[in-house]
Amino acid sequence: MTQTFTSTQNDVIRYLYNETSNQENSLVEEALLFDKDLLDFYLDCADLKSGMDKIQLSPSDSAIERILSYSRNYEPKI
């Protein structure tokens, strides 16, 4: 794991998304134990990730209607 703070933040994000090896996991976990700023960064990222995981996107009713209308009126050119 690179010792610069920015790289460490990148490693924390990779750790959060389970994209790190077992060895990297150990290094990130150790860094989190001894660096309060990094731990705060991890907790903020975990909170953001949790919020993003709850987002449900759905098209508006008008978009659905336009798609269905296009589909009903579509005539393939053969």
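All figures in this text were calculated on a predicted structure; none of them were measured in a lab.

What counts and what doesn't
Residues numbered from 1 in each chain as written. Predicted model: local features only at pLDDT ≥ 70, side-chain atom pairs only at ≥ 80, totals over all residues. Heavy atoms only, no water. Salt bridge = Lys/Arg side-chain N within 4 Å of Asp/Glu carboxyl O. Helix = DSSP H or I, 4+ residues; strand = E, 2+ residues; numbered from the N terminus. Buried < 20%, exposed > 50% of the residue type's maximum accessible area, 1.4 Å probe, protein only. Polar contact = N/O pair within 3.5 Å; in protein donor to acceptor, adjacent residues only side chain to side chain.

### Focus: the pattern of salt bridges
Two side chains bearing opposite charge may form a pair once their charged atoms approach each other closely. Throughout the structure, instances matching the rule amount to five salt bridges. The shortest N-O distance in the salt bridge between K36 and D40 comes to 2.9 Å. Within this pair, K36 and its partner D40 are both found in helix α3 (residues 36–53), separated by four residues, close to a single helical turn. Relative accessible area serves as the criterion here: at 57%, K36 is assigned to the exposed category. The salt bridge partner of D53 is K49, with a shortest N-O separation of 3.2 Å. Pair noted here: D53 and K49 are both in helix α3, with a separation of four residues, about one helical turn. On the basis of relative accessibility, which here comes to 54%, the residue D53 falls in the exposed class. Via salt bridges that share partners, D11, R14 and E24 belong to a single interconnected network.

### Section: the side chain of T20
If you trace the backbone, T20 turns up in the loop between α1 (5–16) and α2 (22–34). According to the relative accessible area criterion, T20 is buried, its value standing at 14%. Reaching out from T20, the side chain makes a polar contact with the side chain of N25 at a distance of 2.3 Å.

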